[in-house]
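Observations on chain architecture
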Amino acid sequence: TEAIGLYNFGQSCCLNSLLQVFLMNLHFTRILRRITVPSSPAQRRSNVPYQMLLLLEKMQCGKCKAVGPTELACCLSEHRVELFVQHDAAQLFLTLWNLLKKQMKKPELVKELRDLYMICIQERVACQKCSFEVKSKSTMLTLPLPVLDANSHRLKTLEDCLQYFFHPEELTGQNMCFCQQCGRKTTFLQSMKLLHLPQTLTLHLKRFCFERSSRTHKLSHSLPFPQELDFRQVLTESQCQADDSEKATWQYELFAVVAHSGSASCGHYCAYIRSLTDCKWYCFNDSEVCQVSWDDVKCTYGRSNLYWRETAYLLFYMKKHPQ
């Protein structure tokens, strides 16, 4: 009945934050509860979905304010997920999701997991000298959104980041492509169109960038994001290729924020999650869990003069009216 924390066993704040985002998502736990239990003890120890299910039951049945994800962590280490190191939340989220998908044996559960998280886009490159073009479909777990434009100018809002991500890019100079029809390298136009959005949409704010010195630098400037997001109002018709019934579901509410504080080389993660049962916001900071306000969540927008403060890194939105 209460939100339960996870003990930090040594630089596990990133893992703890992502686990809370997974396990507070009722749509995900409905899938998790229907997995096939592995037959042997060895298989159970190395099965990520099963160990995640055990952790969920431990959190729901225990009377402590926090529990230790030790068995799951040991399971992950068998799959080459390093322990006691600082992880990047976007990379670890992809790793966890791939392990879940790989080890869920029932095809219908794998399909449900894909439907829950996967984004589908159409990529198109077209020669600007002739009619030659190539189209391809691809799926993505997250939309990796730049927070700076091509001239290193700051993008001011999340909506600006989305519009910039889907804005066509001209491939000129060293980026020119070989055109089969022209028989030489020419200027191409590269563009993406949105085909399908999942029930739980993950947006990755690319706040870490490489400097010329090859050091990773964190971008801490303010970037507001809304509680409600309607893609029909954010993107143009030319940036979408979906029917009206699909677009009707493109209205989202913010579900969770994974925030990072500190620098690129030394930092800490925590998660702000809106409970789907009582609709209240909570901050999950390892073993400490407390109720917070929307104003507290807005503190993760970032500020340039507060370099070490929390900044949102992963945003999770949920459909308001799923099909």
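Residues numbered from 1 in each chain as written. Predicted model: local features only at pLDDT ≥ 70, side-chain atom pairs only at ≥ 80, totals over all residues. Heavy atoms only, no water.

Description of the packing of helix α4 (residues 48–61) against helix α5 (residues 70–78)
Packing of α4 against α5 brings their axes to within 9 Å, and their N-to-C directions diverge by 170°. Taken together, the axis directions place α4 and α5 in an arrangement best described as roughly antiparallel. Where α4 crosses over α5, the two elements pack in a sense that is left-handed. Along its contact with α4, which presents V48, Q51, M52, L55 and K58, the element α5 presents E71, L72, C75 and L76. (Axes fitted to C-alpha atoms, helices over the stretch in contact; angles between N-to-C directions. Helix = DSSP H or I, 4+ residues; strand = E, 2+ residues; numbered from the N terminus. Parallel < 35°, antiparallel > 145°, perpendicular 65-115°, else oblique. Left-handed = near helix turned anticlockwise from the far one by under 90°. Contact = heavy atoms within 4.5 Å.)

Some points on the packing of aromatic side chains
Under the defined criterion, the tally for this structure stands at 14 aromatic pairs. Where F22 meets F28, the ring centres are 5.0 Å apart and the plane angle is 45°; that geometry is what we call tilted. Note on accessibility: F22 and F28 belong to one class, buried. Relative to F166, the ring of F165 lies with its centre 5.1 Å away and its plane at 80°, an arrangement referred to as edge-to-face. Of the aromatic side chains, those joined through ring pairs into one cluster are F22, F28, F93, Y117 and F316. (Phe/Tyr/Trp six-rings, centres within 6.5 Å; stacked < 30°, edge-to-face > 60°. Buried < 20%, exposed > 50% of the residue type's maximum accessible area, 1.4 Å probe, protein only.)

Some remarks on the packing of helix α1 (residues 13–23) against α4
Viewed as axis vectors pointing N to C, α1 and α4 meet at an angle of 80°, and their least axial separation amounts to 11 Å. With respect to α4, the axis of α1 lies roughly perpendicular. In this structure, α1 contributes L19, Q20, F22 and L23 to the contact, and α4 contributes M52, L55, L56 and M59. Of the residues that constitute the contact of α1 with α4, the class distribution is 7 nonpolar, 1 polar and no charged. (Nonpolar A, V, L, I, M, F, W, Y, C, P; charged D, E, K, R; others polar.)

Quick notes on the domain arrangement of the protein chain
A common way to express how large an interface is: the accessible area buried when the components associate. Per the domain assignment, the segments making up the protein chain are domain 1 (1–118) and domain 2 (140–173 + 199–322). Distance between the C-alpha centres of domain 1 and domain 2: 23 Å. Taken together, the 32 residues of domain 1 in the interface contact 33 residues of domain 2. Carbon and sulfur atoms make up 67% of the surface buried where domain 1 meets domain 2, a total of about 2600 Å² over both sides. On the domain 1 side of the contact with domain 2, V21, M24 and Q86 bury the most area, a combined 21% of that side's loss. (Domains from an automatic or database assignment. Buried area = accessible area lost by both parts, 1.4 Å probe.)

Re the nonpolar core
F28, M52, Y117 and L314 are the most contacted members of the largest nonpolar core, which totals 55 residues. Residue-level mapping places this core at the junction of two domains, with at least three residues from each of domain 1 (1–118) and domain 2 (140–173 + 199–322). When sequence neighbours within four positions are dropped, the list of residues in contact with Y117 reads F22, N25, F28, F93, W97, M140, L141, P198, T200 and T202. (Core = buried A, V, L, I, M, F, W, Y, C linked by side-chain atoms within 4.5 Å.)

Let's talk about the sheet that holds strand β4 (residues 133–140)
Strands belonging to one sheet form pairs held by backbone hydrogen bonds; the direction of such a pair is parallel or antiparallel. Reading across the sheet, the 4 strands line up as β4-β3-β9-β6 and stay open at both edges, with antiparallel pairing between neighbours. If you trace the sheet from one side to the other, it starts and ends with β4 and β6 (169–171), each paired once. Shown here is a sheet whose adjacent strand axes are inclined to one another by a mean of 25°, direction ignored. Where β6 lies against strand β9 (residues 188–196), 3 bridges are found, and the strand directions are antiparallel. (Pairing = 2+ DSSP bridges.)

Thoughts on the side chain of S46
Within the element layout of this structure, S46 appears in the loop between α3 (41–45) and α4. Overall, the relative accessible area of 18% leaves S46 in the buried class.

Here's the deal with helix α7 (residues 107–117)
Because an α-helix packs 3.6 residues into every turn, residues spaced three or four apart end up facing the same way. Among all positions of α7, only L109, V110, L113, L116 and Y117 are buried. One face of α7 carries all of its buried residues, which in axial projection span an arc of 120°. Away from its buried face by more than 90 degrees, α7 exposes P107 and K111. Residues of α7 that are buried in the fold lie against α1, α2 (26–32), α6 (89–103), β3 (119–127), β4 and β10 (200–206). (Arc of directions from axis to C-beta.)

Re the pairing of strand β16 (residues 281–285)
Judged by how many residues are buried, β16 sits mostly within the fold: 4 of 5 residues are covered. For strand β15 (residues 267–274) and β16, the ladder comprises 4 bridges, and the chain directions are antiparallel. Each bridged residue has a counterpart across the sheet, and for Y272 the counterpart in β16 is C283. Between β15 and β16, which follow one another and run antiparallel, lie 6 residues, and C279 among them has a positive phi close to 60°.

Overview of the pattern of salt bridges
On inspection of all chains with the given rule, the structure shows 10 salt bridges. Salt-bridge contacts for E237 lead to K247; the nearest nitrogen and oxygen are separated by 3.1 Å. In this pair, E237 is assigned in the loop between α9 (231–234) and α10 (244–247) and K247 in helix α10, connecting sequence segments 10 residues apart. Between D295 and K298 there is a salt bridge, and its shortest N-O distance comes to 3.4 Å. One end of the pair, D295, and the other, K298, are both in helix α11 (residues 294–298), 3 residues apart, so they sit about a helical turn from each other. Three or more residues are tied together by salt bridges with common partners; here these are R124, E133 and K135. (Salt bridge = Lys/Arg side-chain N within 4 Å of Asp/Glu carboxyl O.)

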